[in-house]
Amino acid sequence: MNSDKHGLKKLLFRHETLLLLVLVGEWLFFYFRGTTTNFSGVTVGFGTAGAQIDILRHSCEIGLLALVMTPVILTGGIDLSVGSLMGLSAVVFGKLWRDAGVPIPAAITATLALGALAGGLNATLITALRLPPLIVTLGTFSLFRGLAEALTRGADTFTGFPASFQAIGQNNWFGLPAQLLVFVLVAAAIWLLVHRTTLGRSFRAIGYASEGARYAGLPVGRRLATVYILAGLGASLAGLIFTARLNQAGANTGTGYELFAITAVVLGGTSIFGGSGSVHGTLLGWAAVAVLSDSLPYVDWPREVGGMLTGLLLIVALSAGVLPKFLSAWRARRHSSRSVNPQPTPSP
Amino acid sequence: MNSDKHGLKKLLFRHETLLLLVLVGEWLFFYFRGTTTNFSGVTVGFGTAGAQIDILRHSCEIGLLALVMTPVILTGGIDLSVGSLMGLSAVVFGKLWRDAGVPIPAAITATLALGALAGGLNATLITALRLPPLIVTLGTFSLFRGLAEALTRGADTFTGFPASFQAIGQNNWFGLPAQLLVFVLVAAAIWLLVHRTTLGRSFRAIGYASEGARYAGLPVGRRLATVYILAGLGASLAGLIFTARLNQAGANTGTGYELFAITAVVLGGTSIFGGSGSVHGTLLGWAAVAVLSDSLPYVDWPREVGGMLTGLLLIVALSAGVLPKFLSAWRARRHSSRSVNPQPTPSP
Amino acid sequence: GKKDSAPAAGSAGASGKKLTIAMLPKSKGNAYFLSAAKGAQKAADALNDTLLFDGPTQTDPAKQNEIVEGWINKGVDVIAVAAEDKAALSTALRKAQSKGIKVVSFDADVMPDARTFFVNQATPQGIGESLMDEAARLAGSEGEFAIITASLTAANQNEWKKSIDERLKMYPKMKLVEFRPCDDDKAKAQSEATTIMSAHPNLKLIMSICSPGVPGAAEAVKQAGKTGKVKVIGLGLPNENKAYVHSGVTDSVILWNTEELGALAVHAADALARGTLKAGDKSFTVGGKTYDIVGDNIMLGKPFIFNKANIDQFDF
Amino acid sequence: MSTPPLLELRALAKSFGGARALRGVDFDLREGEVHALLGENGAGKSTLIKIVTGAHQPDRGTIKVAGQIVAGLSPATARQLGIACIYQQPALFPDLTVAENIALRLEPAAALRRVDWSARRERVRGLLDRIGAVISPEAEVRTLSMPEQQLVEIACALGAGARIVIMDEPTASLTQKEQHLLFAVVRELRKSGVGVIYISHRLEEIFALADRVTVLRDGESVGTNEVSELNEAALIRMMVGRELTQIYPPSESAPGNVVLALRNVGCRTSGVQGVTFDVRAGEIFGLAGLVGAGRTELARILFGITPADTGEITLNGERVVLHSPQDAIARGIAYVPEDRRRHGVVLDLPIAHNMTMAIHPGFFPATWLRLSAERGLALDFIRDLAIKCSGPEAPGGSLSGGNQQKVSLARWLATKPKLLILDEPTQGVDVGAKGEIHKIIRRLAKEGLAVLLISSDLPEALGMSDRIGVMRGSTIAAILPGGSDAHTVMAAALGSEKGAAA
Ligand SMILES: Nc1ncnc2c1ncn2[C@@H]1O[C@H](COP(=O)(O)OP(=O)(O)OP(=O)(O)O)[C@@H](O)[C@H]1O
Ligand SMILES: Nc1ncnc2c1ncn2[C@@H]1O[C@H](COP(=O)(O)OP(=O)(O)OP(=O)(O)O)[C@@H](O)[C@H]1O
Ligand SMILES: [Mg+2]
Ligand SMILES: [Mg+2]
């Protein structure tokens with residue numbers, strides 16, 4: 001167990017460097033293969049600012065989910081319900097604004113509150129009833145999506161939002177997509193939370209050994225509540241931004257996003273067992289996936305290949321990380337001198 | 001941990017009875033609310049054999065996935081890639097038959113072999129590289145789906161299969177849907193495997209304490225390989241049946257099925273930590289979900305409500321199971337005289 | 001060689017630069033759009049233009065939006081779209097227009113200000129009326145019938161539904177008992193039809209207003225052994241319905257010539273980009289055939305009814 | 001004497017299911033003293049500690065801290081009361097730095113407070129200096145050695161203003177040099193008025209360090225004395241208690257031919273080296289030594305868990321290579337592991353399942369379960385080994401420690417082994433069950449089984465073994481004839497002058 005963590009942590013380092021290389025590689029590849037100047041001398045394709053901005057725009061929601069998923073996974077938990085919650089938030093926001101005539105700012109506030117509430121539901125079931133996060137959020141995964149569909153009978157969609165709201169998803173502020181600024185703020189906040197506050201430390205502690213954390217006198221229940229409520233907030237924020245971007249809110253918003261978010265986090269080197277990981281790792285993982293999934297058409301590759309490459313990347317990256325450790329452990333068992341590892345027992 | 005398992009074990013019993021009641025309740029509800037006799041005196045709706053058979057037909061594939069998922073979860077693992085593998089199998093089968101002109105029986109064999117191979121890939125990454133199943137199968141989840149889409153460029157679909165093949169998915173044998181017979185055979189096989197062979201035993205042992213199993217001389221690696229390869233086989237079989245039922249094979253076959261299958265298994269009372277659980281539990285869980293998701297129109301309820309009810313059922317069923325244990329544990333901690341529980345520390 | 005000799009290449013193709021025309025279907029897998037793409041490709045070759053045909057694998061407004069934005073960055077000359085969701089796609093299309101990219105819509109329109117022309121395969125009235133009349137004819141103007149649509153959000157399906165409802169008033173003895181979506185997916189259509197039939201045993205007819213729905217419903221009727229008892233009609237492609245039409249499961253398939261639709265969309269796009277077609281024109285001529293323009297709608301013409309008698313004459 | 005003792009325990013009792021860990025222990029700790037807690041494995045020391053630190057709740061008895069009765073002690077309240085514990089396996093978070101780990105314990109768990117790094121680093125460095133430890137606050141804990149981690153733990157304790165510091169077998173895996181550093185720290189603590197509870201199996205440490213010593217035996221305190229009033233012999237007698245050697249069944253078997261022969265066996269990963277000895281059929285070969293001497297590691301080698309990479313292993317005359325437990329089982333080796341709860345029995349499975357777990361291929365031809373046959377086998381073992389349980393279906397976890405141990409034993413007897421390795425077979429086993437297990441072991445030996453008996457329980461090793469190998473520093477330090485006296489063995493294990501003499 002413990003030595004397992006050791007492995008995954010080392011992996012993390014190897015990881016962030018390796019990931020950065022992959023990312024740069026990807027980017028350069030698309031830049032040189034995917035950028036051209038048309039006969040009228042205008043540069044077009046991947047290299048243009050427009051393309052870069054759009055890639056960010058399109059992957060912003062998944063990025064938000066990955067960000068708030070990181071603390072959850074650091075505590076050794078998981079949240080499968082974020083994608084569905086995106087949908088529920090979008091629908092509720094739409095209903096509030098269009099049917100209940102609630103003004104946009106109030107509707108936004110209410111939607112975020114809903115997100116926090118939904119996260120609170122997950123947290124309660126997990127901490128109070130001590131149900132495994134995987135199961136609880138698997139249940140709310142169906143529940144939230146079902147609610148969204150029931151509210152719209154799967155048919156109703158909401159559109160024609162005021163320009164002031166659409167701006168959040170479509171306009172540029174200071175030359176950058178508006179939602180990107182929101183994203184950066186959230187990223188900074190989460191990074192500080194995880195890497196610079198006592199909360200972040202306790203997340204790792206809980207993920208590493210929740211009992212140990214209890215003995216160290218940490219309020220484990222409260223901390224877990226924090227991460228799941230945070231995840232809920234993030235999900236509903238993502239739902240709002242999605243709605244603003246498309247000027248359309250439907251029950252199927254964010255379908256399948258939960259697994260993409262988890263992929264980004266895990267690719268970023270966060271241990272699925274909790275305890276070790278980093279927010280910047282998540283950002284790298286997210287970027288690597290975002291570029292892959294949105295840039296293939298620029299090099300005239302079928303966009304469908306993106307999913308395959310993502311899966312491949314995840315597996316290869318993690319194998320690459322573990323392989324050396326695995327081999328060395330294996331070699332050590334054959335013929336190596338004393339190991340620095342306090343545990344003489346080979347990792348399970 | 002330990003007492004946790006105990007709890008979940010008890011829960012398992014409470015569960016199957018509770019679940020059976022829910023199922024019967026559901027069925028009676030739909031029977032009495034969803035069956036009518038029209039003026040020409042013909043009985044119509046949920047109560048008819050036709051409706052019952054269709055419900056079975058439509059949920060057969062998810063049932064197969066849930067069946068093969070059960071041993072995986074019993075070993076404490078998980079397989080998120082089964083849905084994607086369904087899609088890949090369907091596409092490969094289609095291509096073999098239509099483009100490569102392979103005769104149906106050979107194509108079927110090849111597709112099942114592919115399934116076993118894919119399962120083997122999961123198994124290798126999990127056992128040889130000691131990567132967590134959740135991560136590995138998250139990767140192959142994207143990989144397999146991506147392959148399917150790349151093979152068809154997301155556009156190509158396969159249809160017009162010979163009647164002899166469509167029969168598997170559409171005809172009735174002895175008054176029952178053909179695929180139901182396949183399903184029953186698989187169910188019986190898996191039940192025997194899990195409940196009547198030493199393999200099933202070792203699955204539980206591994207799920208409860210993989211180190212302990214190792215110290216007892218059980219071949220942990222080989223056993224894990226078995227369950228994941230089995231899952232792969234089941235997934236490709238489901239893909240074939242799906243293709244036969246619709247006389248159509250596309251890359252999006254089985255999208256999202258993995259989570260439904262896991263829901264059925266968990267609802268069936270199998271512990272997500274592995275060790276405790278049963279195949280008949282899974283069958284009950286599957287039936288409960290199948291009826292919910294396919295019968296609402298008979299009582300003129302929106303089909304969309306199904307997802308919501310499923311999620312609700314999962315959460316309520318598991319909470320109901322845990323609540324008493326939780327309360328008693330809590331009471332025990334209050335006036336802590338002697339507790340029968342070997343572990344005095346509250347379970348995490 | 002063939003490009004030059006192509007008849008419709010005409011003045012436009014020969015003169016001026018090679019255009020890049022991007023065509024966006026609702027979903028790539030859908031045979032309806034694949035056949036439209038076939039026509040589009042022929043036209044593009046004839047015009048000596050480059051055709052990009054891409055779209056979501058399953059109907060998905062967000063993906064459509066993102067694909068269009070990708071094309072904007074790629075710097076295509078003109079875009080032809082079939083919108084899954086008016087609002088969602090229009091935001092991206094306006095952006096395209098602001099970048100000087102011309103836009104036409106076909107099959108499913110977007111907001112008027114988000115495109116110059118809509119290549120209209122048939123007016124809602126035209127479709128609704130032909131469908132409803134054909135249904136009434138087959139059902140003997142009385143009894144229960146159900147409609148399977150693409151998605152309850154799909155703009156033009158809802159348009160057609162309206163005019164069907166209008167026309168339905170002329171047949172008081174006919175009752176619409178179900179209106180279910182199939183997400184442009186044959187599988188879903190089949191299970192929907194199956195459920196509908198067991199829920200409504202007196203059902204006389206199933207009408208599908210999305211192309212995958214017709215074979216889907218037919219498959220369901222066939223498997224339920226209700227061939228002839230429950231009639232099937234709808235908007236569909238001859239090829240994927242031939243078998244059912246011949247075996248008498250499906251009675252008639254109503255559609256326009258989808259290859260022609262695709263071709264017309266490309267020709268309109270090309271002409272628009274080259275300035276030979278301008279807003280306000282009253283007609284548009286392609287290789288000798290003239291299509292009239294009503295407002296900003298380029299009309300493909302009257303729907304066509306395929307049945308046992310004539311269906312074999314068509315291959316798309 | 002005017003001030004009340006720092007800590008006062010009266011009639012403390014605690015049971016775990018069947019096993020009665022503590023049955024009315026009295027104990028008190030004064031300011032500025034080092035109070036040693038001594039006892040065999042399973043005597044109840046750790047349980048006592050876990051109660052004082054709030055990890056367990058006592059069934060009966062009172063706890064007074066500085067004269068105040070405290071009830072419902074929780075880990076948090078224990079820390080507030082200035083009680084700190086340094087475990088053998090430090091409970092630090094390896095992914096965090098030293099500073100972070102210490103801060104995690106000391107700084108209030110107040111949420112979003114931005115961390116003041118410089119201030120923290122200063123504070124941590126101050127603490128580390130105070131115990132003369134040269135460790136960088138920025139070092140990640142995983143990079144520290146076991147003793148360094150313990151020093152960090154102690155720093156935490158000091159930082160938390162602990163008045164009562166508990167050390168449970170702190171030196172189990174320390175080198176001589178590291179020990180002396182630790183001792184210095186302990187004396188430092190004592191000077192500053194802190195009370196130290198010191199648990200160790202190593203007698204010389206007691207004499208080097210402790211002011212008073214309390215001996216526990218089977219959950220009862222045998223007595224508390226000034227260390228100055230005692231000598232090693234007296235102390236061992238107190239620990240071992242009544243003339244145990246008599247209650248051990250006498251050896252009745254005449255050793256036969258050599259079953260297991262080890263020649264210079266070693267394994268680098270586990271540090272074991274140059275182990276050479278034979279075990280004969282019908283012989284019980286005891287392995288004595290201090291905790292951490294390397295006996296379990298040796299057993300793991302013989303069972304193929306950490307395969308040997310030097311020397312040779314011979315079974316019944318043929319040289320064997322053991323790469324996996326399957327290999328070992330196939331060659332007739334059985335290993336009853338030390339960690340019963342993690343490796344010995346699967347607590348959640350019925351004992352019947354546990355018993356057949358190692359004989360799946362043989363007992364269930366073609367993998368089909370024969371439930372009735374299995375039940376029969378289980379009932380036989382339950383009868384033969386007098387296992388107290390509600391039946392073959394009872395989950396392993398529901399049994400008392402001793403009976404769990406018998407189940408684990410049954411699993412391996414079912415394999416009909418030629419060589420039986422028992423690792424601490426009676427650790428944490430109540431006295432009654434202990435005796436029964438001893439009888440069983442004898443009977444097996446009489447039936448011609450070669451037994452390798454690892455035990456930290458000296459009287460047991462003495463009473464049961466035909467010959468005794470003493471391990472120290474992961475190798476065999478001495479091989480003594482049966483019936484050697486406790487002092488000789490202890491001495492050999494401790495490596496004191498007497499050992500050199502013997
Ligand atoms: N969590 C537990 N559940 C059940 N029994 C336990 C538990 N912890 C300890 N015991 C039992 O309590 C008794 C005393 O255990 P304890 O660990 O206090 O002994 P110890 O003196 O610390 O032994 P050692 O010297 O080996 O550390 C043993 O019989 C042990 O089996
Ligand atoms: N789980 C562990 N973590 C860290 N070190 C360990 C662990 N197990 C053993 N060791 C170390 O390995 C060496 C040998 O341990 P081993 O368990 O073989 O000793 P032992 O003679 O069996 O003592 P005992 O069986 O009484 O614990 C010692 O230095 C010990 O500290
Ligand atoms: Mg102890
Ligand atoms: Mg040991």
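Scroll up to find the structure.
Residues numbered from 1 in each chain as written. Chains lettered and ligands numbered in written order. Predicted model: local features only at pLDDT ≥ 70, side-chain atom pairs only at ≥ 80, totals over all residues. Heavy atoms only, no water.

Visitor: Account for the overall build of chain D, with residues named and values stated.
Guide: When its secondary structure is counted, chain D shows 20 helices and 20 strands. Out of the 502 residues in chain D, the part that is buried amounts to 60%. For chain D, long-range pairs separated by at least 24 residues make up 67% of all intrachain contacts whose partners lie at least 6 apart in sequence. Of the roughly 18700 Å² of accessible surface on chain D, a fraction of 53% belongs to carbon and sulfur atoms. (Helix = DSSP H or I, 4+ residues; strand = E, 2+ residues; numbered from the N terminus. Buried < 20%, exposed > 50% of the residue type's maximum accessible area, 1.4 Å probe, protein only. Contact = heavy atoms within 4.5 Å. Areas by Shrake-Rupley, 256 points an atom, 1.4 Å probe, with all protein chains shown as cover.)

Visitor: Describe the relation of the copies chain B and chain A, with residues and values.
Guide: Laying chain B over chain A is done by rotating through 180° and shifting 0.0 Å along the axis; what remains is an RMSD of 0.1 Å. What the superposition gives is, in effect, a two-fold axis relating one chain to the other. Every residue of chain B has its C-alpha some distance from the rotation axis, and the shortest such distance is that of Gly256 of chain B, at 3.9 Å. (Least-squares fit on C-alpha atoms with pLDDT ≥ 70 in both.)

Visitor: I'd like a description of the coordination of the magnesium ion (ligand 4), backed by residues and values.
Guide: Residue and element names in this part refer to chain D. At 1.8 to 2.6 Å from the magnesium ion (ligand 4) lie its protein donor atoms, namely Thr296 (OG1), Glu338 (OE) and Glu338 (OE). Of this pair, Thr296 sits in helix α10 (residues 295-302) while Glu338 sits in the loop between β16 (333-336) and α12 (340-344), and the two are 42 residues apart along the sequence. Note on Thr296: relative accessible area 17%, which makes it buried. Glu338 sits in the partly exposed class, given a relative accessible area of 31%. (Donors = N, O, S within 2.8 Å, 3.2 Å for Na, K, Ca; no water.)

Visitor: Break down the side chain of Ser81 of chain B for me, citing the residues and quoting the values.
Guide: Residue and element names in this part refer to chain B. Looking at the element boundaries, Ser81 is found in the loop between α2 (49-74) and α3 (82-98). Judged by relative accessible area, Ser81 falls into the buried class, the value being 1%. Not counting residues up to four positions away in its chain, the partners in contact with Ser81 are Asn122, Thr137, Thr140, Phe141 and Phe144.

Visitor: Quick one: what's the story with the environment of Val136 of chain A, residue by residue and with numbers?
Guide: By the element assignment, Val136 of chain A lies in helix α5 (residues 133-152). Take Val136 of chain A: its relative accessible area is 2%, and that puts it in the buried class. Along the backbone, Val136 of chain A and Ser81 of chain A are 55 residues apart, and their C-alpha atoms lie at a distance of 8.9 Å. Aside from chain neighbours lying at most four places away, what touches Val136 of chain A is Asn122, Leu125, Ile126 and Leu131 of chain A together with Ile315 of chain B.

Visitor: So what about a nonpolar patch on the surface? Which residues, and what values?
Guide: All names here are of chain A. Judged by side-chain polarity, Leu20, Val24, Trp27, Leu28, Tyr31 and Phe32 come together as a nonpolar surface patch covering roughly 560 Å² of accessible area. Among the structural elements, Leu20 can be located in helix α1 (residues 2-34). Looking at Leu20, the relative accessible area reads 44%, which means it is partly exposed. (Patch = residues over 30% accessible without salt bridge, like charges linked within 9 Å, V, L, I, M, F, W, Y side chains within 5 Å. Salt bridge = Lys/Arg side-chain N within 4 Å of Asp/Glu carboxyl O.)

Visitor: So what about the pattern of salt bridges? Which residues, and what values?
Guide: All chains considered together, the criterion is met by 57 salt bridges over all chains. Among the salt bridges present, the one from Arg342 of chain D reaches Asp339 of chain D, with a minimum N-O distance of 3.3 Å. Take Asp339 of chain D: its relative accessible area is 27%, and that puts it in the partly exposed class. A salt bridge links Arg375 of chain D to Glu393 of chain D, with the nearest nitrogen and oxygen atoms 2.7 Å apart. A residue pair is termed long-range when its members are at least 10 positions apart, and Arg375 of chain D in helix α15 (residues 371-384) and Glu393 of chain D in the loop between α15 and α16 (401-413) qualify at 18 residues. Through salt bridges with shared partners, a single ionic network connects Asp54 and Arg57 of chain A together with Glu69 and Lys95 of chain C.

Visitor: Which residues make up helix α7 (residues 155-168) of chain C, and what values go with them?
Guide: For the α-helix, the turn length of 3.6 residues means that residues three or four positions removed from each other point alike. Over its 14 residues, α7 of chain C extends 20 Å from the first C-alpha to the last, a length consistent with the 20 Å expected when each residue adds 1.5 Å. Close packing links the buried residues of α7 of chain C with α5 (86-98), α6 (124-139), β6 (143-149), β7 (174-181), β8 (205-208) and β9 (231-235) of chain C. (Expected span 1.5 Å × (residues − 1).)

Visitor: Account for the sheet that holds strand β8 (residues 195-199) of chain D, naming residues and giving values.
Guide: Residues and elements named next belong to chain D. Here six strands make up an open sheet; going across it, the order is β6-β7-β8-β3-β9-β10 and the pairing mixed. Of all the strands in the sheet, just β6 (83-86) and β10 (220-226) have a single pairing partner and so form its edges. Recorded for the sheet is a direction-independent mean angle of 20° between the axes of neighbouring strands. The sheet contact formed by strand β3 (residues 34-39) and strand β9 (residues 212-217) spans five bridges and is parallel. In the sheet register, Ala36 faces β9, and the bridge partner there is Val213. Packed onto the sheet, helix α1 (residues 45-52) meets β3, β6, β7 (164-168), β8 and β9 and runs at close to 135° relative to β3. (Pairing = 2+ DSSP bridges. Axes fitted to C-alpha atoms, helices over the stretch in contact; angles between N-to-C directions.)

Visitor: So what about the sheet that holds strand β14 (residues 310-315) of chain D? Which residues, and what values?
Guide: In any sheet, the strands associate via hydrogen bonds between backbone groups, in a parallel or an antiparallel arrangement. Residue and element names in this part refer to chain D. Across the sheet, four strands lie side by side as β12-β11-β14-β15; this open sheet has antiparallel pairing. Only two strands of the sheet have a single neighbouring strand rather than two, namely β12 (272-280) and β15 (318-320). Taken pair by pair, the neighbouring strands of this sheet meet at an average axis angle of 20°, ignoring direction. For strand β11 (residues 258-267) and β12, the ladder comprises six bridges, and the chain directions are antiparallel. Bridge assignment links Leu262 to a residue of β12, and that residue is Phe277. In the packing of α10 onto the sheet, the strands contacted are β11, β12 and β14, and the crossing angle to β11 comes to about 110°.

Visitor: So, the interface of chain B and chain A: which residues are in play, and what are the values?
Guide: Chain B puts 50 residues into the contact, and the matching count from chain A is 50 residues. Between chain B and chain A, roughly 4400 Å² of surface is buried when both sides are summed, and carbon and sulfur atoms account for 79% of that area. Run the count over chain B and chain A and you get zero salt bridges. Inspection of the region where chain B meets chain A yields zero residue pairs in polar contact (both at pLDDT 80 or more). Those elements that provide at least two residues to the side of chain B that touches chain A are α5 (133-152), α9 (210-215), α11 (257-267) and α13 (305-334) of chain B. Each residue belonging to the side of chain B that touches chain A can be placed in one class, and the counts come to 32 nonpolar, eleven polar and seven charged. (Buried area = accessible area lost by both parts, 1.4 Å probe. Polar contact = N/O pair within 3.5 Å; in protein donor to acceptor, adjacent residues only side chain to side chain. Nonpolar A, V, L, I, M, F, W, Y, C, P; charged D, E, K, R; others polar.)

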